Protein chains: 2
Amino acid sequence: MKKNLTRENRCWIWYPGDWEIYLHEQISVRRQMRGVIYPAYWRLDRHYSSVIFTYAYELEYPEEITIHADGKFAVYLDEKDNERYHDHRMKLPAGKHELNVTAYNDVGVPALYIEGEHIKTDSNWQVSCYDKQWHTVGCWQDVLNCPETKPSKFRLETSTQQPLTVERRTDGWFVDFGKETFGYLQLNGIKGRSDLTVYYGESKEEAEDRDHCVLLDRVSLDSTQTDSIFTFKESRAYRYVQIVPVTEDFQIESISMLYEYLPVNYRGSFKSSNDRLNEIWSTALYTFHLNTREFFFDGIKRDRWVWSGDAYQSFLLNYYSFFDREVVKRTLIALRGKEPVGAHINTIVDYSLYWFSGIYDYYLYTGDVSFVKSQYDKMISLMNFCLERRNNNGMMEGIEKDWVFVDWADINNDGEVSTIQLLLCRSLETMALVAKLVGDNDRSHDYSKQAVDLKSKVIDVFWDHDQGGLVHSRLEGKLNSKVTKYPNMFALLFGYLNEKQVETVKQHVLLNPEVQAIKTPYMRFYELASLCEVGEHRFVLDEMLNYWGGMLDLGATSFWEEYDPNQTGTEHLEMYGMPYGKSLCHAWGASPMYLIGKYFLGVTPLSPGYETFVVEPHLGGLEWIEGTVPMPEGDVEIYMDSKIIRVRASHGRGILRYHKEGKTVETTIASDGSWLEVAK
Amino acid sequence: MKKNLTRENRCWIWYPGDWEIYLHEQISVRRQMRGVIYPAYWRLDRHYSSVIFTYAYELEYPEEITIHADGKFAVYLDEKDNERYHDHRMKLPAGKHELNVTAYNDVGVPALYIEGEHIKTDSNWQVSCYDKQWHTVGCWQDVLNCPETKPSKFRLETSTQQPLTVERRTDGWFVDFGKETFGYLQLNGIKGRSDLTVYYGESKEEAEDRDHCVLLDRVSLDSTQTDSIFTFKESRAYRYVQIVPVTEDFQIESISMLYEYLPVNYRGSFKSSNDRLNEIWSTALYTFHLNTREFFFDGIKRDRWVWSGDAYQSFLLNYYSFFDREVVKRTLIALRGKEPVGAHINTIVDYSLYWFSGIYDYYLYTGDVSFVKSQYDKMISLMNFCLERRNNNGMMEGIEKDWVFVDWADINNDGEVSTIQLLLCRSLETMALVAKLVGDNDRSHDYSKQAVDLKSKVIDVFWDHDQGGLVHSRLEGKLNSKVTKYPNMFALLFGYLNEKQVETVKQHVLLNPEVQAIKTPYMRFYELASLCEVGEHRFVLDEMLNYWGGMLDLGATSFWEEYDPNQTGTEHLEMYGMPYGKSLCHAWGASPMYLIGKYFLGVTPLSPGYETFVVEPHLGGLEWIEGTVPMPEGDVEIYMDSKIIRVRASHGRGILRYHKEGKTVETTIASDGSWLEVAK
């Protein structure tokens, strides 16, 4: 318990992780199927309802404090717990004392806010759930810092938006908001009394299909009982809505919506000589923002859930756009949940492993060592769970109904799947890294050794010399000779291949039309990143223009969960055996933003928090590109055309790397914000 | 998933243990200090808010069912989870199908109740918290079987009771309810408007002491706004209340209270030739019933919490009075909580260990193998936690702020406390027993061996030949030569001493005035039981008449947390540094009921569920005794005077054991309910 008597910002405090876990519980049951709840199908953990806060202080003079609590509270001093108070104003005695506050809230999160001249709640407090362990409290200093805004009442921001068109039809209204959106529908100036149904659609077809649209609302309205603006209770994903009252003479003056969003800074930017690519970038940004909410969602209509594999890509997208640390931390906390680990994250083996990589990247991009350290205990228990599920060969398989996902594709994931072992390897490296950060050198050493051993075992077992790549899996000692792109992409991206192997993977796997093609934007993310890693920027640019451009051609205003250029008409809307099952606004559809930031603007941190970084821009066939990539502090700005490269950065030790006359040149970027310009 | 198409009782179902854990969370924050909450200071676990129920059925014809849920629900059939329903009436198709119902409730417990001709909720359903494990649901068939009574709304019963006296004082009313009670105060026929304070007291002194009474209520009343009967919101423990309105002309027509209680059967009974003893027995019964509620409480004023060491004695008291299985099960579930084990139960080492003994005795007295089996996983994890906390000698010590309690007494519990090792030994025996019941023979064998090894080690290390008993502890390899009664009582009661050791313990420890006396009724429980075990019934009778009789002499209407005959006046009310800190209605004060049932009426089960049992009655100096001891089915009835013994039982294979002309005689008791009479 640290003393802190300086005047700093005060904020709400809670048991670390509990507000995030509470919020995750709440949002995980907001998915609906035609009005019926559809809760996430993994264990939802819960906040502790009863906690105790503590703070040791020293005051020269007595001080009056004001106490706010989200829940019931009791205050006592110096362990004298027979003397309890719950007055909102209290005079603290001078001298050295220990201030204890118990708080109880079984509905929301028990949280505390104290205002005094010197004594106030902030990250210097400690908290316990009465298990004899004390932890630094959780808080969100920048946002949850006002006594009136209790953490349990936290809501995203909203702003009113008007539709593009409102069509009066015989039995109602048909509204087009002009683009995919998310929020609360509003009916203004209603007259009369009627039951009323609203059919929502991400597509026109969906909103028009009263029997099959996924989202709908049924309400009874009466203008004598309702405010002049009726706002629907639940926020939904849609572009189109069809509003159908039962009563013929029911009137609505106008229709609008409260767009609901997480306020973020649009720090990343991009422009190029290709307008189509620019539109792809901005549509990706919008798609991504819609899915960047309390947490990183997979899609806003479906599932509205937090999936680790999806979130992992969102983390990377975020580092090249909003650089919002808080939503990354919230998502990592929510995904991991509480002890004990009873099943894999989202019930999927790979999804447990992506969580570790998420920690790795968070540290690399932000340098936020304190958050990473705070997750160490939970990393150990999840890793123990994973390691206990290895077979006799030291490899992970799906056991006891574990789901081995890898991708939506025609692949067989029984037995030892090479991709899974590579993800485990990266996870072990993450463990080694964080163990070292917390000073747990023995464990760090051990994890490192396990990672090295596993890496060489994976190459030994799965590398197929004749086919020039890693094969997909081994079942009961027998190799599946099928080469898939998945293990080769990951091995390449994690730097597990030598130069020669990289070259054969490029030629024989990544660029080989005989190897099974990837159909989901989810795995195209890694595929296209891998191709950039091996210098195929021009190829990747074409892919982006064709694949994501293809969606734009079909009128997409946000990118989809899946896109198959060979489909036609309403086939594009179907998925999971439902006519409108496909999510038309899916975070993983936004990957061009990452590819552009990392491989075209070419910015990569080399050490945690961009202390060192490299800028290696590529035109990939474009005439010029320019843009901004955010760092923890300040940005990197890049301009490049066929003649020059200009870079400036306000932080860190950056290196500009470029190719001139067949040679690789490296030049230091000044950290004073002045432009570096080189001729190519 | 079992099929069940017979017409049986239906009931609410939930995730096993979750309703109990929810209820425990709620009651654990009802303790107050002068209106301020005083939550239990251990981790309070919580119910899962999101669960899924499943049931496989086969129907000849379609069937309509009615669905009730405590929370939101969604139904789907045969894993087709894109088709969800939440209508309260639904037609199930004929044939073989799997019925799935998801339920969400973050405030109360998600629970389900289905009524159909063949399909209904009962203990044949399974449930999961989505961790890939399925469990048999929890339910309380006898009580929570009505669709209108949602499990989260469960309340104890109430009945109106009138005060003994109501005294009008200058500024209010002073009420005496005639005896210790628990419930909601009621003001009838109020007139006027006033703020009003109620001061409660277990003693007259407490209710009269406005500045120090522990419980109080402050309300604002207005007869134009209130029902004619005003019932206070919270139920409290008291005998006396002082009601003080601010406004002089505020009128109350009459005062009553809603006595709140758990309905139980008074199955045990006792009468003897000694009226004082009979009064002790009935006061003990009343004390015990007041503390037998949602769970077994320690005391009704303070702490209103569930303490494992206290509950363990309540379990035994219950077997000789109400034989209410449900409250035992609820208490065991609540005490154990959820995974992971982060600290000892109630933070006390001994209290973790009593929990195991509670399981042992529950099985012995009830024979309920299915409940005991259902706790096996939680037994393993708690035992692992305990075993991991052993030192290099294989003994448990308090580590990392563990609290080693043993008793409120002048004892030093640092290092290896012999009593703790004995309790661990008994816990290992319980593990071995239950492991065998579930067919886990390897573990059973291992636990048995550990128990045997530990037992002999404890005797080796702590037995002091010269002093004729076990010494209290060993610290850093050095024995504490102080002999205390604690380890000797437990070793004797658990049957760990040989005949010779029993005799020396009796003479040199239990009956030795030089050995530190026990002051709490809590440990007197084991002390007096031990003395009965060695035939000192006459001595124990005197102790009961003096000690518990002493409290009656002081006007007790329920037995206290502590009683020191040497104290006088208001000293009897003080404890924990508070003038009214002592609980005057404490479950552990009721021990004579156990001593009488087990050692005077003399009934002990020999095998689980009283399949075999022994009746060995003792007069202990009384002219005659008679009484009833409940068995799982039926009762044992006993009458004894100096000439004859009469016994009858309606179940099991009982043996009457008695002493005649210096010899021990054993006679079989018929199980047909006919009387067996023997002459002494």
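Owing to the predicted nature of the structure, the values given are computational and were not obtained by experimental measurement. Here the residue numbering is sequential within each chain, running from 1 through the sequence in written order. Think of it this way: whatever chain is written first is A, whatever ligand is written first is 1, and the rest follow in order. Reporting of local features is limited, given that this is a predicted model, to residues whose pLDDT is at least 70; pairs of side-chain atoms are given and counted only at 80 or more, and all residues count toward the totals for whole chains, interfaces and linings. Values shown for side chains rest on all heavy atoms present in the structure; no hydrogens or waters enter the calculation.

*Asks:* How should I be thinking about the overall build of chain A in this particular structure?
*Replies:* Here a strand is any run of E in DSSP of at least two residues, a helix any run of H or I of at least four, and the numbering for each starts at the N terminus. Counting secondary structure elements, chain A contains 15 helices and 31 strands. Every radius of gyration here is taken over C-alpha atoms, with the globule rule written as 2.2 Å times N^0.38, N being the number of residues. Over its C-alpha trace chain A gives a radius of gyration of 27 Å, about what one expects of a compact globule, namely 26 Å for 680 residues. Its C-alpha atoms put chain A at 75 × 75 × 60 Å along the principal axes. A separation threshold of at least 6 residues defines the contact pool for chain A, and within that pool the share at least 24 residues apart is 72%. Residue burial considers only the protein chains on display, and all accessible areas are found by Shrake-Rupley using a 1.4 Å probe. For chain A, the exposed area adds up to about 26,200 Å²; of that, 45% sits on carbon and sulfur atoms. Positive charges come from Lys and Arg, negative ones from Asp and Glu, while His and the chain ends are left out of the count. In this description, the location of a charge corresponds to atom NZ of lysine, CZ of arginine, CG of aspartate or CD of glutamate. The average position of the 73 basic charges and that of the 99 acidic charges among the side chains of chain A differ by 2 Å. Any two residues whose heavy atoms approach within 4.5 Å at even a single point are treated as in contact.

*Asks:* Got a minute to help me understand the interface of chain A and chain B in this structure?
*Replies:* Interface extent is often summarised as the accessible area lost during association of the parts. Between chain A and chain B, the residue contacts involve 47 residues of the former and 47 residues of the latter. Around 4,200 Å² of area is buried between chain A and chain B when both sides are counted, 56% of it from carbon and sulfur atoms. Two parts lose some accessible area (1.4 Å probe) when they are put together, and adding that loss for both gives the buried area. A per-residue breakdown of the area chain A buries against chain B is headed by Arg46(A), Asn82(A) and Lys132(A), which together make up 17% of the total. Salt bridge, as used here, is a side-chain nitrogen of Lys or Arg placed within 4 Å of a carboxyl oxygen of Asp or Glu. Connecting chain A to chain B are zero salt bridges. Polar contacts, as used here, are pairs of N or O atoms within 3.5 Å; protein pairs need one atom able to donate a hydrogen and one able to accept it. Residues neighboring in sequence count only if both atoms are side-chain atoms. For the interface between chain A and chain B, the tally reads 18 residue pairs in polar contact (both at pLDDT 80 or more).

*Asks:* Which parts of the structure should I look at to understand helix H15 (residues 592–600) of chain A?
*Replies:* Because each turn of an α-helix spans 3.6 residues, side chains separated by three or four positions end up pointing in the same direction. Residues and elements named next belong to chain A. Within H15, nine of the nine residues are buried, which leaves the element mostly enclosed by the surrounding structure. Here the term buried applies to any residue with accessible area under 20% of the maximum for its type, exposed to any over 50%, and partly exposed to those in between, with areas from a 1.4 Å probe on protein chains only. Buried within H15 we find Pro 592, Met 593, Tyr 594, Leu 595, Ile 596, Gly 597, Lys 598, Tyr 599 and Phe 600. Positive backbone phi, approximately 80°, marks Gly 602, located one or two places after H15.

*Asks:* Even after reading the chapter, I still don't get the UniProt feature "domain: Alpha-rhamnosidase-like N-terminal" (unreviewed entry) in chain A, so can you show me in this structure?
*Replies:* UniProt positions are given in the numbering used here, feature names are shortened, and annotations may be inferred rather than shown by experiment. Per the UniProt record, the feature "domain: Alpha-rhamnosidase-like N-terminal" (unreviewed entry) sits at residues 52–243 of chain A. With 3% helix and 52% strand, the stretch residues 52–243 of chain A has end C-alpha atoms that lie 50 Å from each other.

*Asks:* I keep staring at the domain arrangement of chain A and nothing clicks. Help me out?
*Replies:* Residues and elements named next belong to chain A. One can read the domain layout of chain A as domain 1 (18–153), domain 2 (157–261) and domain 3 (603–679). The straight-line distance from the C-alpha centre of domain 1 to that of domain 2 is 39 Å. Contacts between domain 1 and domain 2 engage four residues on the former and nine residues on the latter. Both sides of the domain 1 and domain 2 interface together cover about 530 Å² of buried area, and 36% of this is carbon and sulfur. Of all residues in domain 1, Gln 32, Met 33 and Arg 34 bury the most surface against domain 2, accounting for 91% of the area lost on that side. Across the contact surface, domain 1 and domain 2 share zero salt bridges. Counting the contacts that link domain 1 with domain 2 gives six residue pairs in polar contact (both at pLDDT 80 or more). Partitioned by chemical class, the residues of the side of domain 1 that touches domain 2 number one nonpolar, two polar and one charged. In this entry, domain limits derive from an automatic or database-based domain assignment. When residues are grouped by polarity, Ala, Val, Leu, Ile, Met, Phe, Trp, Tyr, Cys and Pro land in nonpolar, Asp, Glu, Lys and Arg in charged, and all others, Gly among them, in polar.

*Asks:* Explain unusual backbone geometry here, please?
*Replies:* Excluding glycine, residues mostly have negative phi values, and the peptide bonds linking residues are mostly trans. Omega for the peptide link from Glu339(A) to Pro340(A) comes to -10°, which places this bond in the cis form. Within the element layout of this structure, Pro340(A) appears in the loop between helix H5 (325–336) and helix H6 (349–366). Here the bond from Arg302(B) into Asp303(B) is cis, since omega is 15°, no more than 30 degrees from zero. With respect to the helices and strands, the residue Asp303(B) is situated in the loop between helix H3 (275–291) and helix H4 (308–319). Notably, Lys132(B) is not glycine yet its phi reads approximately 75°, a positive angle. Secondary-structure assignment places Lys132(B) in the loop between strand S9 (126–128) and strand S10 (135–136). By relative accessible area, which is 24% here, Lys132(B) ends up partly exposed.

*Asks:* I keep staring at the relation of the copies chain A and chain B and nothing clicks. Help me out?
*Replies:* Note that the two copies of the chain are related through a rotation about an axis and a translation along the same axis. Superposing chain A onto chain B takes a rotation of 180° plus a shift of 0.0 Å along the axis, which leaves an RMSD of 0.0 Å. Both copies of the chain, as the preceding transformation shows, are related through a two-fold rotation axis. When the copies are overlaid, the least-squares fit takes in C-alpha atoms only where the residue has pLDDT of at least 70 in both copies.

*Asks:* Any chance you could explain the sheet that holds strand S4 (residues 63–70) of chain B here in plain terms?
*Replies:* In sheet architecture, strand pairing relies on hydrogen bonds along the backbone and comes in two forms, parallel and antiparallel. All names here are of chain B. The rule for pairing is simple: two strands pair if DSSP sees at least two bridges between them. Pairing is antiparallel in the open sheet, where three strands are placed in the order S6-S4-S8. For this open sheet the edge positions go to strand S6 (89–92) and strand S8 (111–115), each flanked by a neighbour on one side alone. With direction set aside, neighbouring strand axes in the sheet form an average angle of 35°. Two elements, S4 and S6, share four bridges in a ladder whose sense is antiparallel. Only the stretch in contact is used when fitting a helix axis, every axis being a line fitted to C-alpha atoms; angles between N-to-C directions are given from 0 to 180 degrees.

*Asks:* Sorry, what's going on with the packing of helix H11 (residues 485–493) of chain A against helix H13 (residues 521–533) of chain A here?
*Replies:* Working note: a packed helix pair is described by the angle between its axes plus the distance between those axes. All names here are of chain A. Orientation of H11 relative to H13, taken along the N-to-C sense of each, is 50°, at an axis distance of 9 Å. It follows from the interaxial angle that H11 and H13 lie oblique. When you trace H11 past H13, the crossing you get is left-handed. Here H11 contributes Lys 485, Tyr 486, Met 489, Phe 490, Leu 492 and Leu 493 to the contact with H13, which in turn contributes Met 523, Tyr 526, Glu 527, Ala 529, Ser 530 and Glu 533. Class assignment for the residues of the contact of H11 with H13 results in eight nonpolar, one polar and three charged. Roughly parallel means an angle under 35 degrees; roughly antiparallel means over 145; roughly perpendicular covers 65 to 115; every other angle is labelled oblique. Two helices that cross are described as forming a left-handed crossing if the nearer one is turned anticlockwise from the farther one by less than a right angle, and a right-handed crossing if clockwise.

*Asks:* Would you take a moment to explain the pattern of salt bridges for this structure?
*Replies:* Any two side chains of opposite charge can pair, given that their charged atoms come close. Applying the stated criterion to the full structure yields 78 salt bridges over all chains. A salt bridge links Glu677(B) to Arg646(B), with the nearest nitrogen and oxygen atoms 3.4 Å apart. Pair noted here: Glu677(B) is in strand S31 (residues 676–679) and Arg646(B) is in strand S28 (residues 644–649), with a separation of 31 residues, a long-range link. According to the relative accessible area criterion, Arg646(B) is partly exposed, its value standing at 27%. Among the charged side chains, a network of salt bridges with common partners joins Arg31(A), Arg302(A), Asp303(A) and Glu561(A).

*Asks:* Can you help me understand the packing of aromatic side chains in this one?
*Replies:* Within a pair of aromatic rings, the relevant descriptors are the distance that separates the centres and the angle that separates the planes. The criterion for an aromatic pair is that two Phe, Tyr or Trp rings (for Trp, the six-membered ring) have centres within 6.5 Å, with stacked assigned to planes under 30 degrees apart, edge-to-face to planes over 60 apart and tilted to the rest. This model, assessed by the stated rule, comprises 108 aromatic pairs over all chains. Geometrically, the ring pair formed by Trp305(B) and Trp307(B) is tilted, given 6.0 Å between the ring centres and 40° between the ring planes. Overall, the relative accessible area of 0% leaves Trp305(B) in the buried class. We note Arg169(A) situated over the ring of Phe174(A); from NZ or CZ to the ring centre the distance is 4.0 Å. Distance and angle both matter: a charge sits over a ring if NZ of Lys or CZ of Arg is within 6 Å of the ring centre and within 35 degrees of the ring normal.

*Asks:* Which parts of the structure should I look at to understand the pairing of strand S29 (residues 653–660) of chain A?
*Replies:* The two faces of a sheet get side chains in turn, since along a regular strand they alternate between them. Residue and element names in this part refer to chain A. Note that strand S25 (residues 612–615) and S29 share four bridges and pair parallel. Within S29, the position partnered with Val 615 by the bridge is Leu 656. Sheet topology places S29 next to strand S30 (residues 663–669); seven bridges connect them, and they run antiparallel. Counted as the bridge partner of Ile 655 is Thr 668 from S30.

*Asks:* Mind showing me how you'd approach the pairing of strand S27 (residues 635–641) of chain A here?
*Replies:* Residues and elements named next belong to chain A. Most of S27 sits inside the fold, with five of its seven residues counted as buried. In sequence, strand S26 (residues 624–630) turns back onto S27 through a hairpin of four residues, with Gly 634 there showing a positive phi of about 75°. For S27 and strand S28 (residues 644–649), the ladder comprises five bridges, and the chain directions are antiparallel. Within S28, the residue paired with Tyr 639 across the bridge is Arg 646. Adjacent in sequence and paired antiparallel, S27 and S28 are bridged by two residues.

*Asks:* What is the right way to read the UniProt feature "domain: Alpha-L-rhamnosidase six-hairpin glycosidase" (unreviewed entry) in chain A from this model?
*Replies:* Under the UniProt annotation, the feature "domain: Alpha-L-rhamnosidase six-hairpin glycosidase" (unreviewed entry) is placed at residues 268–598 of chain A. Within the segment residues 268–598 of chain A, helix and strand shares are 54% and 6% respectively, and the terminal C-alpha atoms sit 11 Å apart.

*Asks:* How should the sheet that holds S10(B) be read in this particular structure?
*Replies:* Residue and element names in this part refer to chain B. Read from one edge to the other, the open sheet built from five strands follows the order S5-S7-S3-S9-S10, with strand pairing classed as antiparallel. Pairing within the sheet leaves two strands with one partner each, and these edge strands are strand S5 (72–77) and S10. Note: strand S3 (residues 50–59) against strand S7 (residues 95–104), ten bridges, orientation antiparallel. For Ser 50, the partnering residue across the bridge sits in S7 and is Tyr 104.

*Asks:* Hey, could you run me through the packing of H13(A) against helix H14 (residues 537–553) of chain A in this one?
*Replies:* All names here are of chain A. The contact between H13 and H14 brings their axes to 8 Å, and the two run at 155°. On the basis of the axis angle, H13 is roughly antiparallel to H14. Note on packing geometry: the crossing formed by H13 with H14 is left-handed. Contacts between H13 and H14 pair Pro 521, Arg 524, Leu 528, Leu 531 and Cys 532 from the former with His 537, Phe 539, Val 540, Glu 543, Tyr 547 and Trp 548 from the latter.

*Asks:* Looking at this model, I keep getting lost on the environment of Glu117(A). Mind explaining?
*Replies:* All names here are of chain A. Inspection of the secondary structure assignment puts Glu 117 in the loop between strand S8 (111–115) and strand S9 (126–128). Overall, the relative accessible area of 47% leaves Glu 117 in the partly exposed class. Separated by 29 residues in the primary sequence, Glu 117 and His 88 have C-alpha atoms spaced 15 Å apart.

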